[in-house]
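Overview (structure and organization)
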Amino acid sequence: MKQVLTADEFLAAGSSGVIFDVRSPGEYRAGHIPGALSLPLFSDAERAEVGTIYTQVGRNEAVERGLEIVGPKLAGFVRTARAAADGRTLFLYCWRGGMRSGSMAWLMRTAGMQAVVLEGGYRAYRRSFVELLATRPWRLIEVGGFTGCGKSDILRAMARRGEQVLDLEALACHKGSVFGALGEGEQPTTEECINRIHHAMRGMDPARPVWVEGESQAIGHVSVPPELFRMMQAAPLVLFSLPTEPRLRRLVAEYGRFSTEELAAAFGKIAKRLGDGYPRALRALEEGRIDEAAEIAMRYYDKCYTRSLHKEGRPFVECAVSEDDPEATAALLVERFGSLADPSGGER
């Protein structure tokens, strides 16, 4: 195997070995290649110190200080890498594929291990996602609809049927609305979320349909990458609808398990836009009438979604069902609309 690989080569081969991110812990937390382990050459403070010396004094002095810092750590790096690798190849990257990953690769090879470096580093990996989107014939189909329709459950049912699904809400750890953080873990950074999307799409066949739920560009505090969002906006849109009552039951079941305080805090984020609906929602919550509060939220988001559709003027096909049955709806959508993104024609 070559000792330096392009991003595509690195990602394809990396699954057979162990990927190590040798950047600082702070860089790793901000975003990293999914599955990569952190093996930082410098701590955050050490990296800042070496960088300051580089800019204020000079390269040679920075290198010397770096060697002073790293020297006592070398044996520990080798032990950590050897234990994780268990005989497999090490795949190493830093920010630009320069001194940090190159130095660590030299150390590992000296210790008798196979080590490969990512050409251009993490920066090249990030660029490779834009190239992945631009150079492959992706066939996205967007599933839209009013709140409470169960679009996420339908997409998951599609995935169980073997369809390719890009679940942006799951990757962003947020359901999209002001209530979207309830019951979810901490959101990743936008950078890390994009890496997760990159990882998911790299495993997909662009010649087959990719189903994605209609989203605004912001999902909580995470932003969908603009290149992907433009593709979503240009994709065929299936507008799925469900009657009001089953939508309301679904919202009550999904959000009724949260405390009055949590729900009231979420309503508070849209208080001005709700007008007199806000105090009514608070009273309903305090008196245990969750269904009434849910209906106020549902009506508000219905108006928002309707305005958005009219503003975009985007064409769509409709799919109305009477029962809240994600498995049956998933089968219906695949059968009726799976050819929408077919470049040869299909049901456009």
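Relevant structure appears above.
To start, this report covers the structure provided alongside it. (Residues numbered from 1 in each chain as written. Predicted model: local features only at pLDDT ≥ 70, side-chain atom pairs only at ≥ 80, totals over all residues. Heavy atoms only, no water.)

The next subject is the overall build of the chain. When helices and strands are tallied, the chain shows 17 helices and 12 strands. Along the first, second and third principal axes, the C-alpha set of the chain runs to 70 × 50 × 35 Å. A burial count over the chain gives 47% of its 348 residues as buried. Roughly 17100 Å² of accessible area belongs to the chain as shown, and the carbon and sulfur atoms make up 52% of that amount. (Helix = DSSP H or I, 4+ residues; strand = E, 2+ residues; numbered from the N terminus. Buried < 20%, exposed > 50% of the residue type's maximum accessible area, 1.4 Å probe, protein only. Areas by Shrake-Rupley, 256 points an atom, 1.4 Å probe, with all protein chains shown as cover.)

With that settled, consider the environment of Thr110. Note on placement: Thr110 falls in helix H6 (residues 99-110). For the pair formed by Thr110 and Val78, sequence separation is 32 residues and the distance between their alpha carbons is 9.7 Å. Within the structure, Thr110 has its side chain in polar contact with the backbone oxygen of Trp106 (distance 2.7 Å). (Polar contact = N/O pair within 3.5 Å; in protein donor to acceptor, adjacent residues only side chain to side chain.)

On to the sheet that holds strand S2 (residues 18-21). On the basis of which strands lie adjacent, the open sheet formed by five strands has the order S1-S5-S4-S2-S3 and parallel pairing. At either end of the open sheet lies a strand with only one pairing partner, and these are strand S1 (4-5) and strand S3 (37-38). Here two bridges tie S2 to S3, and the two strands are oriented parallel to one another. Bridged to Asp21 within S3 is Ser38. The strands that helix H1 (residues 7-14) touches are S1, S2, strand S4 (90-93) and strand S5 (115-118); relative to S4, the one it contacts most, it runs at about 145°. (Pairing = 2+ DSSP bridges. Contact = heavy atoms within 4.5 Å. Axes fitted to C-alpha atoms, helices over the stretch in contact; angles between N-to-C directions.)

Let us now look at the sheet that holds strand S12 (residues 317-320). Across the sheet, five strands lie side by side as S7-S8-S6-S11-S12; this open sheet has parallel pairing. Every interior strand has two partners, whereas the edge strands, strand S7 (164-166) and S12, have only one. Put simply, the sheet's adjacent strands are angled 30° from each other on average, direction ignored. Here S7 runs beside strand S8 (residues 209-213); their pairing, made up of three bridges, is parallel. Looking at S8, one finds that Gln164 is bridged to Val210. Helix H8 (residues 151-160) contacts strand S6 (139-145), S7, S8 and strand S11 (237-241) of the sheet and is inclined by roughly 160° relative to S8.

Every regular strand shows the same layout, with side chains that alternate between the two sheet faces. The side-chain alternation of S5 yields two buried faces, one formed by Ala115 and Val117 and the other by Val116 and Leu118. Of the pairings in the sheet, the one linking S1 to S5 comprises two bridges and is parallel in character. Residue pairing in the sheet places Val4 in a bridge with Val117 of S5. Of the pairings in the sheet, the one linking S4 to S5 comprises three bridges and is parallel in character.

When two helices pack together, their arrangement is given by the angle between the helix axes and by the axis-to-axis distance. Relative to each other, helix H13 (residues 260-268) and helix H15 (residues 277-286) sit at 175°, their axes nearing to 10 Å. Considering their axes alone, H13 and H15 lie roughly antiparallel with respect to each other. Between H13, through Thr260, Leu263, Ala264, Phe267 and Gly268, and H15, the contact on the second element is made entirely by Tyr278, Ala281, Leu282, Leu285 and Glu286. (Parallel < 35°, antiparallel > 145°, perpendicular 65-115°, else oblique.)

With that settled, the discussion passes to the packing of aromatic side chains. With the rule as written, the count across this model stands at 10 aromatic pairs. Centre to centre, the rings of Phe179 and Tyr255 are 5.9 Å apart; their planes meet at 55°, and the pair counts as tilted. Of this pair, Phe179 sits in the loop between helix H9 (168-172) and helix H10 (190-202) while Tyr255 sits in helix H12 (residues 244-255), placing them 76 residues apart in sequence. You can call Tyr255 buried: its relative accessible area is 12%. Counting every residue linked through ring pairs, the aromatic cluster contains Phe10, Phe91, Tyr93, Trp95, Tyr122 and Tyr125. (Phe/Tyr/Trp six-rings, centres within 6.5 Å; stacked < 30°, edge-to-face > 60°.)

Formed by 25 residues in total, the largest nonpolar core has its most connected members in Phe77, Leu90, Leu92, Met104 and Met108. Listing elements by their share of this core, those giving two or more residues are S2, helix H3 (44-56), helix H4 (59-70), helix H5 (74-85), S4, H6 and S5. When near neighbours in sequence (up to four residues on either side) are disregarded, Leu90 contacts Val18, Phe20, Ala81, Ala85, Met108, Met113, Gln114, Ala115 and Val116. (Core = buried A, V, L, I, M, F, W, Y, C linked by side-chain atoms within 4.5 Å.)

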